[in-house]
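Here's the letter readout for the chains.
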Amino acid sequence: MSEFDIWVYQPAAGYQQGNDLIGYKVEATDGAIGKVSKHSEEVGASYLVVDTGVWIFGKHVLLPAGTIKLIDAAGETVHVDRTKDQIKDAPEFDEMKHTGNPSYLEQFARYYRQPHM
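Please read these numbers as outputs of a predicted model, since none were measured by experiment.

Draft legend 1. Looking closely at the sheet that holds strand β6 (residues 77-80). If you trace the six strands from one edge of the open sheet to the other, you get β4-β3-β2-β1-β6-β5, paired in mixed fashion. Looking at strand neighbours, the two that pair on one side only are β4 (60-64) and β5 (68-72), the edges of this open sheet. The sheet shows a mean angle of 35° between the axes of neighbouring strands, direction not considered. Where strand β2 (residues 31-40) meets strand β3 (residues 47-51), five bridges bridge the pair, whose relative direction is antiparallel. Counted as the bridge partner of Lys35 is Asp51 from β3.

Draft legend 2. Local environment of the nonpolar core. Trp7, Tyr9, Leu63, Ile68, Val80 and Phe108 are the most contacted members of the largest nonpolar core, which has 33 residues in total. Of all the secondary-structure elements, those providing two or more residues to this core are β1 (25-28), β2, β3, β4, β5, β6 and α3 (106-112). For Ile68, the contacting residues outside a window of four places in its chain are Tyr9, Gln10, Ala13, Leu48, Val78, His79 and Val80.

Draft legend 3. Here's a closer look at the pairing of β2. Of the strand pairs in this sheet, β1 and β2 are connected by four bridges, and their pairing is antiparallel. Bridge pairing links Glu27 to Ala32 in β2. Between the antiparallel neighbours β1 and β2 lie two residues.

Draft legend 4. View of unusual backbone geometry. Positive phi is not limited to glycine here, since Glu76 has a value of about 45°. Note on placement: Glu76 falls in the loop between β5 and β6.

Draft legend 5. Just the environment of Val80, in detail. Its place among the elements puts Val80 in strand β6. When its relative accessible area of 0% is taken as the criterion, Val80 is described as buried. Sequence spacing of Val80 and Pro64 is 16 residues, and the spatial spacing of their C-alpha atoms is 9.8 Å. Not counting residues within four places of it along the chain, the set of residues in contact with Val80 comprises Val26, Glu27, Ala28, Thr29, Leu63, Thr67, Ile68, Lys69 and Ile87.

Draft legend 6. Here's a closer look at the packing of aromatic side chains. One pass over the full model with this rule turns up five aromatic pairs. With 6.3 Å between their ring centres and 45° between their planes, Tyr47 and Phe93 make a pair best called tilted. Within this pair, whereas Tyr47 is found in strand β3, its partner Phe93 is found in the loop between α1 (84-88) and α2 (95-98), the two being separated by 46 residues in sequence. We note that Tyr47, like Phe93, is buried. A connected cluster of aromatic rings, assembled from ring pairs, spans Tyr47, Phe93, Tyr104 and Phe108.

What counts and how
- Residues numbered from 1 in each chain as written.
- Predicted model: local features only at pLDDT ≥ 70, side-chain atom pairs only at ≥ 80, totals over all residues.
- Heavy atoms only, no water.
- Pairing = 2+ DSSP bridges.
- Helix = DSSP H or I, 4+ residues; strand = E, 2+ residues; numbered from the N terminus.
- Axes fitted to C-alpha atoms, helices over the stretch in contact; angles between N-to-C directions.
- Core = buried A, V, L, I, M, F, W, Y, C linked by side-chain atoms within 4.5 Å.
- Buried < 20%, exposed > 50% of the residue type's maximum accessible area, 1.4 Å probe, protein only.
- Contact = heavy atoms within 4.5 Å.
- Phe/Tyr/Trp six-rings, centres within 6.5 Å; stacked < 30°, edge-to-face > 60°.

Shown next, in the form of structure tokens:
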């Protein structure tokens, strides 16, 4: 098991329970990737879904809470600890597959637990 839970916000990220992050800009380590279109605060399975817009042809990507390094509420920006390419290469989020399938998130956990940086 990794030294931190990929589905839990890191303490230094500045996440406040109940804050609505939908519409926040999302910044990878090397630039903007899109905006938050969905936000889950589910205990043990917190994540964001990011609409990448035209950047990678409207793909929706899921970012586990553990990938978030800083939330700037004043600037409405979420900073993540992955590069644009790492996010682009992540499995695509499919709302229909996610609904009612508890094991669906495991593919994202495997992908994001890989060494990064």
